[in-house]
Amino acid sequence: MTGRAFPEDRPKEPGPVIEASRLRKIFGDLVAVDDISFAVKPGECFGILGPNGAGKTTTIRMIYGYSPMTGGMLQVFGLDIRRHPRTIKARIGVCQQENTLDPDLTAQQNLEVFARYFDISEAQAQRRANELLRFMALEHRKDAKSAELSGGMIRRLVLARALVNQPELLILDEPTTGLDPQARHQVWERLEDLRARGLSILLTTHYMDEASRLCDRLMIMDQGRILVEGAPAELIRQNVGLDIIEVASPDEALRQFIRERDLPSEDLGHRLIIYLEDRNDLYHEIRARYCGEGCTLRMATMEDVFLKLTGRELRE
Amino acid sequence: MTGGRSWDITGRFIRVWQRNFRAYSESWKIGFIPPILEPLFYLLAFGVGLAALVGNIHYRGTDISYMVFIAPALLAINIMNNAFYENTYSSYVRMYYYKTFDAMMATPLSLEEIITGEIIWGATKSLIATAIMQAVISLFGLIHYPEGLLILPLAFVGGLAFGALGMFFTGIVKSIDLFNLPIFLLVTPMFLFGGTFFPLETLPHWAQQVAFALPLTHLVNLTRAFSTGILDGSVATGLVYLAVFSLIFFPLALRKMRRRLIR
């Protein structure tokens, strides 16, 4: 991999890469994004989490100039998206949720033709395509049409295509949805590599492990609003504590015990979740006295935060 | 023209054209077959089979053979079909199934440039197919030169008109099957009654007036004037008609596509 393929030696923007203030998007009667404000700093990986319909995709579509915003302020690289959409779009790379590779073209042609949309010269486009095919371990499939590629290869090719203009900001809409574990890890490694080179990344996901692993900071959205924002570890500590006890088929005695101690918990009927600040004494006590069907002590994760904040009912 | 909003078009639309050209050159061998075979089929069926029954046709004060009469009509139909099908079915597939426009809209390309590039590509396909078909027809000595060379730029101009019309339908159809409607109600009647296989004058007066309102009639007039070398005032009428038609449907197509795609 050659160094010039990535923008690490460009001067850093002094201000935030993305700054949204009271950003709104309305479709007819539906308020898809409802007055949200957030900022993404240069060089950080920022995640947007939320259930289906939370407004994640709508938010990032406004950022990459695909959907016009209804109200508020949105700046990318310090430029107003409404006044400078082309300048901004020339400096970002986008991986859309759906596969938008060109099925008429081979992997290599996909990269070359896409580079030309950015007015990159033909010679440079060829060079970039070769570099990126190598970086994404796709060299051996450069002459394959996208229909002949596996899901993981398609995603890597989409990622390669998003890097063809040497973007300063990479925007990913659910980058690993539908991939098998091997392919997901491969995509994550590439993204970590890119982040290490100083690329700013904005991603949406509903995989909590993905968010915890990749994101420096993240926000959880639901129904167009931001519920919480912060570093993953901090969000976990603030919202659910350090550890969790899950009790299968809890009995009335345990519920009584929890009420008496006033422990933060969630009762799902067949399952009881107890949020702990610190594990030692309490787990042993509960385990000794109330664990008929078995109980588990585990570390709290982003998933606990997510479910606690957005609820457990299905979003369809 | 668009209620206060201005179109965002720069020369970058050529990148969209280049994308289509590149995809086309991948499969050009297949693309070349219809314009070579189609005129042969038609000339054989109509020219050889039917011509014996029809004899000569009286056209603009002279008698011309039936083959000479229908050869320019085949070219005009070819111009119409290439651009119209390209900017309906093919553009729809790229827009809806391939999501090519979605990918393009994440680059500095504007929606207007994408649509402009598509329409100009449709016209280019009309030009390519016409050049091939015209070469085949010329082998039969059915086209008068040098006037016949004017058919090539005309193919591009006519392609723009029919491409813009096709793109307008792409902007409004709910699904790809619904292209059947404009094809059945517009393209097929034009194909049959646009002065193509028999002179317009044989139709009742009202039908002539309907035909005169439709673009293929004018395109056939023009290709026939150029292929026979008999130029008269109808050439100017036809060119003005095509220009006005394009100037109406091009912005209309842009507006409908914007309404369809910008969400």
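See above for the structure.
In short, a report on the structure. (Residues numbered from 1 in each chain as written. Chains lettered and ligands numbered in written order. Predicted model: local features only at pLDDT ≥ 70, side-chain atom pairs only at ≥ 80, totals over all residues. Heavy atoms only, no water.)

1. Some remarks on the overall build of chain B
No. 1: If you tally the helices and strands in chain B, you get 10 helices and two strands.
No. 2: For 263 residues, the compact-globule formula gives about 18 Å, and the C-alpha radius of gyration of chain B, at 19 Å, lands near that figure.
No. 3: Taking the principal axes of its C-alpha atoms as reference, chain B extends roughly 60 × 40 × 35 Å.
No. 4: For chain B, buried positions account for 53% of its 263 residues.
No. 5: Total accessible area computed for chain B in this model is approximately 11300 Å², and 70% of it derives from carbon and sulfur atoms.
No. 6: In chain B, the 18 positive side-chain charges and the 13 negative ones have mean positions that sit 11 Å from each other. (Helix = DSSP H or I, 4+ residues; strand = E, 2+ residues; numbered from the N terminus. Rg over C-alpha atoms; globule rule 2.2 N^0.38 Å. Buried < 20%, exposed > 50% of the residue type's maximum accessible area, 1.4 Å probe, protein only. Areas by Shrake-Rupley, 256 points an atom, 1.4 Å probe, with all protein chains shown as cover. Lys, Arg positive; Asp, Glu negative; His and termini not counted. Charge placed at Lys NZ, Arg CZ, Asp CG, Glu CD.)

2. Some points on the sheet that holds strand β3 (residues 45-49) of chain A
Residue and element names in this part refer to chain A.
No. 1: If you walk across this open sheet you meet the six strands as β6-β7-β8-β3-β9-β10, and the pairing is mixed. Here the strands that pair on one side only, and so sit at the sheet edges, are β6 (92-95) and β10 (225-230). For this sheet, the mean angle separating the axes of adjacent strands, direction not counted, is 15°.
No. 2: Its contacts with the sheet place helix α8 (residues 232-240) against β9 (217-222) and β10, and it is angled at close to 110° to β10.
No. 3: Against the sheet, helix α11 (residues 302-310) contacts β3, β9 and β10, and its axis sits at roughly 30° relative to β9. (Pairing = 2+ DSSP bridges. Axes fitted to C-alpha atoms, helices over the stretch in contact; angles between N-to-C directions. Contact = heavy atoms within 4.5 Å.)

3. Remarks on the pattern of salt bridges
All names here are of chain A.
No. 1: Following the criterion strictly, the structure yields 35 salt bridges over all chains and no others.
No. 2: The salt bridge involving arginine 91 is made with glutamate 168; its shortest N-O contact spans 2.8 Å. Taken together, the residues span a long stretch of sequence, with arginine 91 in the loop between α2 (85-90) and β6 and glutamate 168 in the loop between α5 (151-162) and β7 (169-173) at a distance of 77 residues.
No. 3: Classification of arginine 91 by relative accessible area gives partly exposed; the value is 22%. (Salt bridge = Lys/Arg side-chain N within 4 Å of Asp/Glu carboxyl O.)

4. Some words on the sheet that holds strand β13 (residues 271-276) of chain A
Residues and elements named next belong to chain A.
No. 1: Taken together, four strands build an open sheet; the order of strands is β12-β13-β11-β14 and the sheet is antiparallel. Two strands lie at the open edges of the sheet, namely β12 (265-267) and β14 (295-299), each paired on one side alone. Between one strand axis and the next, the sheet turns through 15° on average, direction left out of account.
No. 2: As paired elements, strand β11 (residues 243-248) and β13 share six bridges and run antiparallel to each other. Its bridge partner lying in β13, glutamate 246 is registered against isoleucine 273.
No. 3: Docked against the sheet, helix α9 (residues 252-261) engages β11, β12 and β13, running at close to 25° with respect to β13.

In short, geometric facts, not functional conclusions.
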